[in-house]
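Residue-level listing of the chains:
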Amino acid sequence: MGGNEEQVKGKTTTEVARTGRGRAPSMTGGKGDDPSPQGRGGTEGSDRRGKRGSVTEQVSLFERVPASERLAWPDIAAILSGVVSSLSKLMGGGIVAFYAGCQMGGVTVAITFVLSFFLTYLVGKICFREGLSNNVVSRYYIFGKKGSAAGSLIWIFVIVGVLAVGTVQLGNAILFAFGWEGEAARWALFIGISCVWVVMALFGTKIIARMNAVFVVALFCVMGYVIYLIAADGQLVDAATHGILIPGVQPLEGFAYSVNYAIMTSGLMALFAADFTRFARKERDIAPVAATGSLFAIITYVCGALVVYYGFDKSVAYFSAQGMDPLLAANAAVTNPGVSLVLAAGGVGLAIICLSQMKVETSNSIGGANAVSNLVHSLFGRKLPWAAAVVGANAIGLAFILGNILDQVNAFMSYGSILTSSWCILLITDYYLVRGKMGIGKVGIDMEAPEKAVHWRGVGTIAFVTVVGSVLYATGMVGVPFLVVAPLTMVVYVVVSWLLRDKVPVSYTHLTLP
């Protein structure tokens, strides 16, 4: 990295690329107004090397990752493998298998891997080249300083929504394990769990980071035990070949549900993973990182489908006893895999899923808090205290729970697929096509240059396609919004950029793209 370490603050990534094509930009970069906790007290690279904490926690979101903090690709892949092993991902396996059937579910799994890999690879490579997080790259390229409120709102909806889903899933598993009943007990538990996420986000991130690998291994051991129980009962073939098991769901309808979930999680993983791919040492490391994260997502899907199958009948009976009709009870059984894990492994299973959820939900709580903080900062120019941002994110999560998000999970993931996919496609189109091939706009972020308040081309495009996709889905005209949103995002943005090309500053230099 030696040649790159001498680059001065503020140079663009294309200038760095001249001396080290394919190597990570190692400059320290200028720091903007960073409302995140990481940006409040930046330390020099020499100080960081002596610390035992995660380097990803020590580099400001507005700081280009220095060479001393770069990670080997297996380390980054391990982070992603931990993120995709959660109750919400197990639920995804249940949704895919029970709504679409195992045969069509296999098609969904293939779509998930391909889409997840390419989105993670393409978005991750942008953030690697810039050495900056996805939110910062998107702010400079497609949203603008105040326009980044749009990205924050998307992130709040998706990340805090997933946070709320995970809270309900864990809460329902605890309620089932201890036999607690009643709305008072239910809400007291949900509020208590949310308070745990707040405390862990404020004080427990290093503990979670150090125990991450243990939690992942323990969760997969429990899932392996469930699969063993299914095989011992002679039901493994049926568990892997059954058709649609949700009452009243038609084949195309169920397949659309499963694909929408796959698309939402693929876009979410690409945006989330980009915050870590910026720590890669070489550009070629992005491919194995994307492949590993996508592979672990598929493994979790398969395990989730089997886990849900194991406890499906008892889970349906449990939720039916609470007054749910057959359709709602079946949906609740699919969306609460924690109940199946408790059925299989009792108290040990409950303890493991609590610890597993703790690592994932702490990350979601931090991600949601960063979005809340950036939203306030972009709109009002004020830095929200970190504790207030964390509490605010979890309060929004409780509002999602109040709206019965788990009962509306199919609608949530469908609208989520519109938001995450349009963001990914917009950023990819802007960087590789509009700025790269067409030369419209500057390539490379200059952290010292004044920020544009709103990139109306980007904000306008994502607002337009979101409205169109949402209307088409809500009216039943399109079952999989991505089929409209993806091409529409690309076409609208390219056309608008071409029409306004004379008003867009020329590139610093044309980027040589593969």
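Before going into details, it helps to say that this report is about the structure given with it. Small disclaimer: the values here were computed from a predicted structure and weren't measured.

Turning our attention to helix α17 (residues 482–499). Given a rise of 1.5 Å per residue, 18 residues ought to cover 26 Å, and the 25 Å separating the end C-alpha atoms of α17 matches this to within 8%. Among all positions of α17, only F482, V485, A486, T489, V492, Y493, V494 and S497 are buried. Looking at the buried positions of α17, the neighbouring elements they touch are α4 (87–130), α5 (134–143), α10 (251–277), α15 (409–437) and α16 (456–474).

Time to look at a nonpolar patch on the surface. On the surface, a nonpolar cluster with roughly 420 Å² of combined accessible area is contributed by F113, V114, F118, L295 and I299. In terms of residue count, α4 provides more of the nonpolar patch than any other element does, three residues in total. You can see L295 is positioned in helix α11 (residues 286–320). Note on L295: relative accessible area 44%, which makes it partly exposed.

Let us now look at the side chain of N410. Within the secondary structure, N410 is located in helix α15. Here N410 falls in the buried class, since its relative accessible area comes to 12%. Setting aside chain neighbours within four positions, we find N410 in contact with Y99, Y257, N331 and Y473.

As a further point, take helix α7 (residues 183–203). The α-helix advances 3.6 residues per turn, and as a result positions three or four apart in sequence lie on the same side. With 21 residues, α7 should cover 30 Å at 1.5 Å per step; its first-to-last C-alpha distance of 30 Å lies within 8% of that length. R186, L189, F190, I193, S194, W197, V198, M200 and A201 are the residues of α7 that are buried.

With that settled, the discussion passes to the nonpolar core. With 136 residues, the main nonpolar core has L341 and I353 as its most contacted residues. Here this core takes 17 residues from helix α6 (residues 148–178), the largest share from any one element. Not counting chain neighbours up to four residues away, the residues in contact with I353 comprise L87, L170, A173, L219, G338, L341 and V342.

Thresholds applied
- Residues numbered from 1 in each chain as written.
- Predicted model: local features only at pLDDT ≥ 70, side-chain atom pairs only at ≥ 80, totals over all residues.
- Heavy atoms only, no water.
- Helix = DSSP H or I, 4+ residues; strand = E, 2+ residues; numbered from the N terminus.
- Expected span 1.5 Å × (residues − 1).
- Buried < 20%, exposed > 50% of the residue type's maximum accessible area, 1.4 Å probe, protein only.
- Contact = heavy atoms within 4.5 Å.
- Patch = residues over 30% accessible without salt bridge, like charges linked within 9 Å, V, L, I, M, F, W, Y side chains within 5 Å.
- Areas by Shrake-Rupley, 256 points an atom, 1.4 Å probe, with all protein chains shown as cover.
- Salt bridge = Lys/Arg side-chain N within 4 Å of Asp/Glu carboxyl O.
- Core = buried A, V, L, I, M, F, W, Y, C linked by side-chain atoms within 4.5 Å.

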